[in-house]
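Inside the fold
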Amino acid sequence: MRDAYGGIVNLTFIVAFLVIVSGYLAFSVNYNKAFRAKNTIINAIEVCEGISNNLNDCANTQIQSYMRETGYSIPSGFSISGFNCPSNKGYCWKENKVTTSSEIGDKKYYTVVTAVNIDLPIINRVLPNVKLFQVSGNTKTITQHS
């Protein structure tokens, strides 16, 4: 009887360990995907010298192409107050003005936030908008000549 109870306890520990390790690996893969998406979005904004709400502009075209290639997606409902969030795309951006000068042009930088896709119902219900599951970054300062 004692050996049977010890076997069940050991099996429980093994299963719990496998669940924890599998969850960690799944989170790390999704975090890496969100990090790469953030870097690609920042790079597209810097190359195109800005982004707008127009889906046909240079940066949005590059971003949508990357999102289709990698399969980066996020469940609906991801938005951050004060940011421009294209519907169900999994990222948000915000324009931050540094200076406004008629001689040089407008200097601004963009803040980009991507979401880590964690599709576990218990975590999504308990922690819906935790910043731990978001990756953010800023572009370099961009000067837009008038």
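Here, the structure is the one placed above.
Here's a quick rundown of the structure.

Procedures and definitions
- Residues numbered from 1 in each chain as written.
- Predicted model: local features only at pLDDT ≥ 70, side-chain atom pairs only at ≥ 80, totals over all residues.
- Heavy atoms only, no water.
- Helix = DSSP H or I, 4+ residues; strand = E, 2+ residues; numbered from the N terminus.
- Buried < 20%, exposed > 50% of the residue type's maximum accessible area, 1.4 Å probe, protein only.
- Contact = heavy atoms within 4.5 Å.
- Areas by Shrake-Rupley, 256 points an atom, 1.4 Å probe, with all protein chains shown as cover.
- Salt bridge = Lys/Arg side-chain N within 4 Å of Asp/Glu carboxyl O.
- Phe/Tyr/Trp six-rings, centres within 6.5 Å; stacked < 30°, edge-to-face > 60°.
- Lys NZ or Arg CZ within 6 Å of the ring centre and 35° of its normal.
- Disulfide = S-S within 2.5 Å.

**Here's the deal with the overall build of the chain**
Each helix and strand counted, the chain has three helices and four strands in total. Starting at the N terminus and walking to the C terminus, you meet the elements of the chain as α-α-β-β-α-β-β. Among the 146 residues that make up the chain, the fraction classed as buried is 29%. Contacts spanning at least 24 positions in sequence make up 55% of the contacts within the chain whose residues lie at least 6 apart. Accessible area of the chain: about 9,800 Å², with a carbon and sulfur share of 57%.

**Some remarks on the pattern of salt bridges**
With the rule as written, the count across this model stands at one salt bridge. Across the pair Lys 108 and Glu 95 runs a salt bridge, and its minimum N-O distance is 3.3 Å. Pair noted here: Lys 108 is in strand 2 (residues 105-115) and Glu 95 is in strand 1 (residues 91-101), with a separation of 13 residues, a long-range link. Residue Lys 108 is classed as buried on the basis of its relative accessible area, which comes to 6%. A relative accessible area of 31% places Glu 95 in the partly exposed class.

**Description of the packing of aromatic side chains**
Applying the stated criterion across every chain, the model contains two aromatic pairs. The ring of Phe 35 carries the charged tip of Lys 38 above its face, separated from the ring centre by 4.5 Å. In this structure, Lys 94 packs its charged tip against the face of Phe 83, placed 5.6 Å from the ring centre.

**Thoughts on the state of the cysteines**
Under the definition given, this model contains two disulfides. At a sulfur-sulfur separation of 2.0 Å, the disulfide partner of Cys 48 is Cys 58. In this structure, the disulfide formed by Cys 48 and Cys 58 twists by about -50° around the S-S bond and is classed as left-handed. Within this pair, whereas Cys 48 is found in the loop between helix 1 (2-47) and helix 2 (58-70), its partner Cys 58 is found in helix 2, the two being separated by ten residues in sequence.

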